[in-house]
Amino acid sequence: MIDRGRLERRIGELARIGGSGTSVSRLGLSAEEQQARDLIGGWLAARGAVVRRDAAANLFGRTGGVGAAVLVGSHADSVPDGGRFDGALGVLCAVEAVEALLDAKMSLRRPIEVVAWADEEGARFGVGLFGSAAVFGRLPAGIADRRDRAGVSIADALRAFGERGDPALARRGAKEFASYLELHIEQGPRLEKAGIALGVVDAIVGIYHARVTIRGQADHAGATVMTARADALAAASEIVLAVERLARSRPDAVGTVGEIAVRPGAKNVVPGECVFSLDLRTSRDLDPFIHDVLAAVERVAHERHVQASIDELAHVPVTTLDPKIREVLRRAAKTVGVDAPEMTSGAGHDAQNPALAGVPTGMLFVRSTGGSHKPSELASLDDAALGAEALAVALRELVS
Ligand SMILES: [Zn+2]
């Protein structure tokens, strides 16, 4: 049903925007991201879709019947020096699937809206899932004032596209959508290891990001006896191990301290302050996990006579995807000859926002090799074509 040559050509065309070789740098809310929208919007307009950009710079192309729409797509941005497939493949396969239905002269009882979400990666402003959060009313207040390293705010970046600078204006009601489908590369090795091209996502992990500051007492490393110290790094070290222990004690959890800074940072000074990151993820019971980690922070701080403060940066609950839509995707994969396993996503995705807003949501993973968020990430044309075909089959069922 799908046109493999067209898909292959467009993978190359889109990758050239912000790209060189297999590397793509197409940051959220940048001129390159807008060029990508122009290209994608052009394809959709040529097939008679009504194309528009919203106040958060998301691109929509709507075609077909009346009533609540089936929304399908992914994001158009990348991380710096990222690859050709993360996000892009989901948009390309959505366009291809819709074109396949139009080529087959299918009557679309419901409208289909293809979406290219803006700034999913949050690489520039630190706000991930930006465009989808705006549409589903999940952006924190005041977010438009956040600035990139050059001092440009989100509001400024939106105004540069001719928008008003208020992404909250992009908000739409969940009732406008009958369902949401997203295809994405897996970003992990499970499908590759299993030798299977496609997977159906059952849930997306809950994520908690925070910055922890431990304040102790900087002192002379020679003159301060061990019993008189409030060593911020020693306290932080105990917390790092507690994070590891607590994550290991839960079957579906991971916990990472990936950044740590010590002040004043000299070999002959007892560390006075320590700042570190906290990344906690689990596919069930996120809040009890966070609670246990924060209790450990408090306990260690108390025992070691240091002060701990926590700055919460992100707190996205575990997102279970819709069982009916999962079944539609599983059947669609079967139709194209793939017995797709159900799997949990350890990475965050735009699909969380419609799902948490109450839109029945499903995600299809495509096997990818060579890692992700880097130029070596690769979905083969065979796998991409299978994904697009399965997406078309699922769309056909959902719109007719
Ligand atoms: Zn992505």
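Just so it is clear, the model here is predicted, and its values are computed rather than measured.

S.K.: Before we go on, may I ask you to explain the overall build of the protein chain in this structure?
M.R.: Within the protein chain, the secondary structure is distributed over 11 helices and 18 strands. Taking 400 residues into account, the globule formula puts the C-alpha radius of gyration at 21 Å, and the protein chain, at 23 Å, falls close to it. Along the first, second and third principal axes, the C-alpha set of the protein chain runs to 85 × 45 × 40 Å. Taken over 400 residues, the protein chain has a buried fraction of 52%. Within the protein chain, contacts between residues at least 6 apart in sequence are counted, and of these 78% link residues at least 24 apart. When the accessible surface of the protein chain is totalled, it reaches about 16,800 Å², and 50% of it is carbon and sulfur. The averaged location of the 52 negative side-chain charges in the protein chain is 2 Å from the averaged location of its 47 positive side-chain charges.

S.K.: Which parts of the structure should I look at to understand the side chain of Arg-37?
M.R.: Mapped onto the elements, Arg-37 comes out in helix H2 (residues 31-46). Relative accessible area serves as the criterion here: at 1%, Arg-37 is assigned to the buried category. At 2.9 Å, the side chain of Arg-37 forms a polar contact with the side chain of Glu-33. Setting aside anything within four residues of it in sequence, one finds Arg-37 in contact with Arg-53, Ala-57, Asn-58, Leu-59, Ala-118 and Phe-161.

S.K.: Explanation requested: the nonpolar core in the structure shown.
M.R.: The tendency in soluble globular proteins is for nonpolar side chains to be buried side by side. Counting 58 residues, the largest nonpolar core has Ile-40, Leu-89, Leu-181, Leu-198 and Leu-395 as its most contacted members. Sequence-distant contacts of Leu-395, defined by excluding residues within four places in its chain, comprise Val-70, Val-72, Ala-97, Val-98, Leu-101, Ile-112 and Leu-181. If you look at the next biggest cluster of nonpolar residues, it comprises 36 residues, including Phe-125, Ala-170, Phe-177 and Met-363.

S.K.: Would you mind showing me how to read the layout of surface pockets here?
M.R.: With a probe scaled to a water molecule rolled over the atoms, the places where space remains empty come into view. Here the largest pocket defines a volume of roughly 1,300 Å³. Along its surface, the largest pocket is lined by 42 residues, and Gly-126, Gly-128, His-209, Leu-313 and Ala-314 are the ones closest to its centre. Of all elements in the fold, only strand E9 (206-215), strand E14 (273-282), strand E15 (307-316) and helix H10 (352-357) reach the threshold of two or more residues within the lining of the largest pocket. It is E14 that contributes the most residues to the lining of the largest pocket, 6 residues altogether. Split into classes, the residues belonging to the lining of the largest pocket amount to 16 nonpolar, 16 polar and 10 charged. For the lining of the largest pocket, the domains that each give at least three residues are domain 1 (4-204 + 318-399) and domain 2 (206-316). In this model, the second largest pocket occupies a volume close to 230 Å³. Lining the second largest pocket are Leu-27, Ala-123, Arg-124, Phe-125, Gly-126, Arg-146, Arg-147, Asp-148 and Arg-149.

S.K.: Just checking my understanding: could you explain the domain arrangement of the protein chain for this structure?
M.R.: Note on interface size: it is often stated as the accessible area lost on association of the parts. Along its sequence, the protein chain is carved into domain 1 (4-204 + 318-399) and domain 2 (206-316). On a C-alpha basis, the centroid separation for the pair domain 1 and domain 2 is 36 Å. At the interface, 8 residues of domain 1 touch 9 residues of domain 2. Around 530 Å² of area is buried between domain 1 and domain 2 when both sides are counted, 62% of it from carbon and sulfur atoms. When the buried surface of domain 1 facing domain 2 is broken down by residue, Val-318, Gly-346 and Gln-352 rank first, second and third, together holding 63% of it. Class assignment of the residues belonging to the side of domain 1 that touches domain 2 gives a composition of 4 nonpolar, 4 polar and no charged.

S.K.: I'm lost on the packing of aromatic side chains in this one. Help?
M.R.: Two aromatic rings, taken as a pair, are described by how far apart their centres are and by the angle between their planes. All told, the structure shown has 4 aromatic pairs when counted by the stated rule. Residues Phe-60 and Trp-117 carry aromatic rings whose centres are separated by 6.1 Å and whose planes lie at 85 degrees to one another, so their mutual orientation is edge-to-face. With a gap of 57 residues between them, Phe-60 in strand E4 (residues 59-64) and Trp-117 in strand E6 (residues 111-117) connect regions that are remote in the sequence. Just as Phe-60 is buried, Trp-117 falls in that class too. Joined through ring pairs, the aromatic side chains of Phe-60, Trp-117, Phe-136, Phe-177 and Tyr-180 make up one cluster.

S.K.: What exactly am I supposed to notice about the coordination of the zinc ion here?
M.R.: Angles between donor atoms at a metal ideally measure 109.5 degrees for a four-coordinate tetrahedral arrangement and either 90 or 180 degrees for a six-coordinate octahedral one. Looking at the metal site, the zinc ion is ligated by His-75 (NE2), Asp-86 (OD) and His-184 (NE2), spaced 1.9 to 2.1 Å from it. Read in sequence order, the donor residues coordinating the zinc ion give the pattern H-x10-D-x97-H. Placement of the pair is His-75 in strand E5 (residues 69-75) and His-184 in strand E7 (residues 177-185), with a sequence separation of 109 residues. For the residue pair His-75 and His-184, the accessibility class agrees, reading buried in each case.

S.K.: Sorry, what's going on with the environment of His-373 here?
M.R.: Within the element layout of this structure, His-373 appears in the loop between strand E18 (361-366) and helix H11 (381-399). Each C-alpha atom of the pair His-373 and Gly-83 lies 5.9 Å from the other, and the pair is 290 residues apart in sequence. Leave out the neighbours within four places in its chain, and His-373 touches Val-79, Asp-81, Gly-82, Asp-86, Glu-121 and Gln-187.

S.K.: Quick question: what am I supposed to make of empty space enclosed by the protein here?
M.R.: Counted under the stated rule, the structure contains 1 cavity of 30 Å³ or more. The volume enclosed by the largest cavity comes to roughly 50 Å³. Forming the boundary of the largest cavity are Leu-44, Arg-47, Ala-49, Gly-61, Thr-63, Val-95, Val-98, Glu-99, Leu-102 and Val-114. Elements with a minimum of two residues in the lining of the largest cavity: E4 and helix H3 (88-103). With 4 residues, H3 is the largest single contributor of residues to the lining of the largest cavity. Considering only residue class, the lining of the largest cavity consists of 6 nonpolar, 2 polar and 2 charged.

Cut-offs used in this document
- Residues numbered from 1 in each chain as written.
- Predicted model: local features only at pLDDT ≥ 70, side-chain atom pairs only at ≥ 80, totals over all residues.
- Heavy atoms only, no water.
- Helix = DSSP H or I, 4+ residues; strand = E, 2+ residues; numbered from the N terminus.
- Rg over C-alpha atoms; globule rule 2.2 N^0.38 Å.
- Buried < 20%, exposed > 50% of the residue type's maximum accessible area, 1.4 Å probe, protein only.
- Contact = heavy atoms within 4.5 Å.
- Areas by Shrake-Rupley, 256 points an atom, 1.4 Å probe, with all protein chains shown as cover.
- Lys, Arg positive; Asp, Glu negative; His and termini not counted.
- Charge placed at Lys NZ, Arg CZ, Asp CG, Glu CD.
- Polar contact = N/O pair within 3.5 Å; in protein donor to acceptor, adjacent residues only side chain to side chain.
- Core = buried A, V, L, I, M, F, W, Y, C linked by side-chain atoms within 4.5 Å.
- 1 Å grid on protein atoms, 1.4 Å probe; cavity = no way out; pocket = protein on both sides within 12 Å on 5 of 7 lines; lining within 4 Å.
- Points joined across faces, edges and corners; volume = space filled by probe spheres on them.
- Nonpolar A, V, L, I, M, F, W, Y, C, P; charged D, E, K, R; others polar.
- Domains from an automatic or database assignment.
- Buried area = accessible area lost by both parts, 1.4 Å probe.
- Phe/Tyr/Trp six-rings, centres within 6.5 Å; stacked < 30°, edge-to-face > 60°.
- Donors = N, O, S within 2.8 Å, 3.2 Å for Na, K, Ca; no water.

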